[in-house]
Amino acid sequence: MAKKHEPFVFGDVSVAAGTQQSVKLPAAKLYNDTPMDLHVEVFHGTKAGPVLLVCAAIHGDELNGIEICRRLLGRVNAKTLTGTLLIVPIVNVFGFIQQSRYLPDRRDLNRCFPGSAKGALASRLAHLFSSVLVKRATHIVDLHTGAIHRDNLPQIRCDTDNKVMLDMANAFGAPVIMSSKAREGSMRGYANSLDIPCILYEAGEALRFSDMSIKSGVNGVINVMRCLNMTKGKIKTKSTSVNASRSYWVRSESDGLVNIKLKLGERVSKGQVLANIVNPLGGEPLPLLAPTDGIIIGNSNIPVTNEGEALFHIAQFSGDEIEIINDNLDDFMQEYA
């Protein structure tokens, strides 16, 4: 007879096997004494297994991840789940209310981990999230978007030298995997320091919904759950992820208006015109050229620039992989368009 799966104890809340429960963790208060809670949706499976934490909006203006989490809530059944799924749609509740990347004190929450119980607001929120959620997880998917006015092609960032993280990244199914060491103070960096595999999904732009990014994200998290044997079914993706060998930003070489010639996801060749920088009062355009072959995985959406501003994020690929990623992007766009 199979051993009964014990309840998942979360503070003073006990979630029985095969059930779903909403848990609110007191985070802080607004100036008017209104309580601010960290909302956690707990799906506790009928069998023991991994504890997967899926979180979004560590930066409060990154909305795609919130919608991914919302859609996931309707796709998971605790009665057929192995292990435990923890979904936190909004980590930075203060930034979300203000439609801001930051906390009220202008601190970046994703530079404050693991935090401190007696520190500033960002440090206290990071400490709560670290101690109550990160430490309980065995695996983590952290959902992000580009910054305001910057758009990112769906991509996974992780330490590709770690086999578990690479397996999760490949299962997710985003077209590009970026080998990336976590920054000091980031949630991913803290998780990795505890040997908790954490992958980061980047897709879309802050304060904007991208249906392609959201659909890809929902499918990606479910694929990771299948990879971890938390739910039955085959990993579903029409395209294969390709590891980028490196990436870099192409910066404007003058001030003016930006007439973009290539868009997100397009292949570029060395010397190809990415955009023309023009003076609003006339004159000859100054072409901005691609330094290498690659794929555009990020770009600025503001059609004005100062000299030195980052305009295009280009990923490079070794050998024949540039052909593979080019074909894969066509499949990806068709699947999620």
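Residues numbered from 1 in each chain as written. Predicted model: local features only at pLDDT ≥ 70, side-chain atom pairs only at ≥ 80, totals over all residues. Heavy atoms only, no water.

1. Some words on the pairing of strand β17 (residues 294-300)
Note the threshold: Summary of the burial criterion: residues with accessible area below 20% of their type's maximum are buried, those above 50% are exposed, and those between are partly exposed, where the area comes from a 1.4 Å probe applied to protein chains only. A run of DSSP states H or I qualifies as a helix once it reaches four residues; a run of E qualifies as a strand once it reaches two. Both are numbered from the N-terminal end. Note: two strands are recorded as paired if DSSP finds a minimum of 2 bridges between them.
Burial runs high along β17: 7 of the 7 residues are buried. Pairing geometry for strand β8 (residues 150-158) and β17, over 3 bridges, is antiparallel. When the sheet's bridge partners are listed, arginine 150 is paired in β17 with serine 300. Here strand β14 (residues 267-268) pairs with β17 via 2 bridges, running antiparallel. Bridge assignment links arginine 267 to a residue of β17, and that residue is isoleucine 295. Across 4 bridges, the pairing between β17 and strand β19 (residues 310-316) is antiparallel. Across the sheet, residue isoleucine 295 finds its bridge partner in β19, namely alanine 315.

2. Section: unusual backbone geometry
Following phenylalanine 113, the chain continues to proline 114 via a peptide bond in cis, the omega torsion being 5°. Phi is positive for glutamine 99, which is not a glycine, with a value near 55°. By the element assignment, glutamine 99 lies in the loop between α2 (93-98) and α3 (121-132). Backbone geometry places asparagine 229, a non-glycine residue, at a positive phi of 60°. Mapped onto the elements, asparagine 229 comes out in the loop between α6 (211-227) and β11 (242-244).

3. Quick word on the packing of aromatic side chains
Just so we agree on the cut-off: Classification of ring pairs rests on two measures: the distance between centres of Phe, Tyr or Trp rings, Trp counted by its six-membered ring, which must be within 6.5 Å, and the angle between planes, read as stacked under 30 degrees, edge-to-face over 60 and tilted in between. Remark: a charge is flagged as sitting over a ring if the NZ atom of Lys or the CZ atom of Arg is within 6 Å of the ring centre and within 35 degrees of the ring normal.
Applying the stated criterion to the full structure yields 4 aromatic pairs. With 4.7 Å between their ring centres and 35° between their planes, phenylalanine 172 and tyrosine 201 make a pair best called tilted. One end of the pair, phenylalanine 172, is in helix α4 (residues 163-172); the other, tyrosine 201, is in strand β10 (residues 198-204), with 29 residues separating them in the sequence. Per residue, the accessibility class of phenylalanine 172 equals that of tyrosine 201, and both read buried. One residue, arginine 136, lies across the ring of phenylalanine 8, its end atom 4.3 Å from the ring centre. Looking at arginine 150, its charged tip hangs above the ring of tryptophan 249, at a distance of 4.6 Å from the centre.

4. Describing the environment of asparagine 326
How we decide: Pairs of residues are marked as contacts when any of their non-hydrogen atoms sit within 4.5 Å.
As for its placement among the helices and strands, asparagine 326 is situated in helix α7 (residues 321-336). Given the relative accessible area of 24%, asparagine 326 is considered partly exposed. Separated by 43 residues in the primary sequence, asparagine 326 and glycine 283 have C-alpha atoms spaced 36 Å apart. If sequence neighbours within four positions are ignored, asparagine 326 has contacts with Arg267 and Ile295.

5. A short note on the environment of serine 130
Relative to the assigned elements, serine 130 resides in helix α3. The exposure class assigned to serine 130 is buried, which follows from its relative accessible area of 2%. Taking C-alpha positions, serine 130 is 41 Å from aspartate 320, a pair spaced 190 residues apart along the chain. Not counting residues up to four positions away in its chain, the partners in contact with serine 130 are Phe113, Pro114, Lys135 and Tyr190.

6. Section: the pattern of salt bridges
Under the convention used in this document: Any Lys or Arg side-chain nitrogen found within 4 Å of a carboxyl oxygen on Asp or Glu counts as a salt bridge.
Scanning the model with the defined rule gives 13 salt bridges in all. For aspartate 211, the salt bridge identified is with arginine 71, shortest N-O distance 3.5 Å. Of this pair, aspartate 211 sits in helix α6 while arginine 71 sits in helix α1 (residues 64-73), placing them 140 residues apart in sequence. Judged by relative accessible area, which is 38%, aspartate 211 ranks as partly exposed. Salt bridges sharing common partners tie together Glu67, Arg70, Arg71, Asp211 and Lys215.

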